Amino acid sequence: MSNSKRLRIAVQKSGRLSDDSIALLKAIGIKLNIRDRLLIAHSTNQPIDLLRVRDDDIPGLVMDGVVDLGFIGENELEEKMLERKAAGKPFEYEVLRRLDYGGCRLSIAVPNEMDYQGIQSLEGKKVATTYPYLLERYFKEQGINAKAVMLQGSVEVAPRAGVADAICDLVSTGATLEANGLVEKDVIFRSKAVLIKRADGELSDEKETLVNRLMPRVDGVLLAKE
Ligand code: PRP
Ligand code: ZN
Ligand code: MG
């Protein structure tokens, strides 16, 4: 539990959401002194601590109440929610705001030379992904019997390595797929960054007041960028 009197916010240490999340916190007036090697950054003008972690850890930190707020991509959030639900762990959270950055899609892609006639072409096949719960939910919805093969990274090399027939991975520009001789076929999930809050109980009055004071500023920043 987060017993600290300071509001704890988790952000991705490095990756597609880091810079925009930090920029948003600065834009709403939170002064931060970020040192690259440090996991925690203390705000110098607000009772706020920033935890800089791997994005994969952020949903769990919020759902376990270790931090109060977190910036996370909806893809990672939904995947971890399904994984925790299956494991009988707490999986609740509240979305405070959907943000305007971190846009990407989770798509099924197949090798250029594959004769792909739609999702039924994957019947009985293996698909490499870092998002097995989202992928298997999609297979179930589509009535397809295919197997999700979990890989933490380098998913795009799986077909060439003979580990899988196709992949399901995040796409933003499409450059990674193209460089690996893969073609995007079905979008299974569209994602943006969201700001989430723990839902396992009330924040202290002080923290609640602080969050309520910060949210209109977030809205202001989002509106100004429209
Ligand atoms: C994702 C994905 C691809 C890349 C796609 O990785 O796994 O590698 O982005 O982007 P593109 O369409 O613009 O080429 P990410 O950068 O999130 O890092 P990760 O693979 O280490 O999670
Ligand atoms: Zn990740
Ligand atoms: Mg990648």
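Below is a short write-up of the structure. Everything quoted here is computed from the prediction, not taken from an experiment.

What follows deals with the packing of helix α3 (residues 74-86) against helix α4 (residues 132-142). The N-to-C vectors of α3 and α4 enclose an angle of 80 degrees; their axes lie 8 Å apart at closest approach. In terms of their interaxial angle, α3 and α4 are classed as roughly perpendicular. Contact residues: α3 offers Glu78, Glu79, Leu82 and Glu83, while α4 offers Tyr133, Leu134 and Arg137.

Let's shift gears to the pairing of strand β3 (residues 48-53). Side-chain alternation along β3 places Ile48, Leu50 and Arg52 on a buried face and Asp49, Leu51 and Val53 on a face that remains uncovered. Where strand β1 (residues 7-12) lies against β3, six bridges are found, and the strand directions are parallel. Within β3, the residue paired with Ile9 across the bridge is Leu50. Where strand β2 (residues 40-42) meets β3, three bridges bridge the pair, whose relative direction is antiparallel. Bridge assignment links His42 to a residue of β3, and that residue is Asp49. Between β2 and β3, which pair antiparallel in sequence order, lie five residues.

Definitions and cut-offs
Residues numbered from 1 in each chain as written. Chains lettered and ligands numbered in written order. Predicted model: local features only at pLDDT ≥ 70, side-chain atom pairs only at ≥ 80, totals over all residues. Axes fitted to C-alpha atoms, helices over the stretch in contact; angles between N-to-C directions. Helix = DSSP H or I, 4+ residues; strand = E, 2+ residues; numbered from the N terminus. Parallel < 35°, antiparallel > 145°, perpendicular 65-115°, else oblique. Contact = placed C-beta atoms within 7 Å. Buried ≥ 20, exposed ≤ 12 C-beta atoms within 10 Å, placed from the backbone. Pairing = 2+ DSSP bridges.

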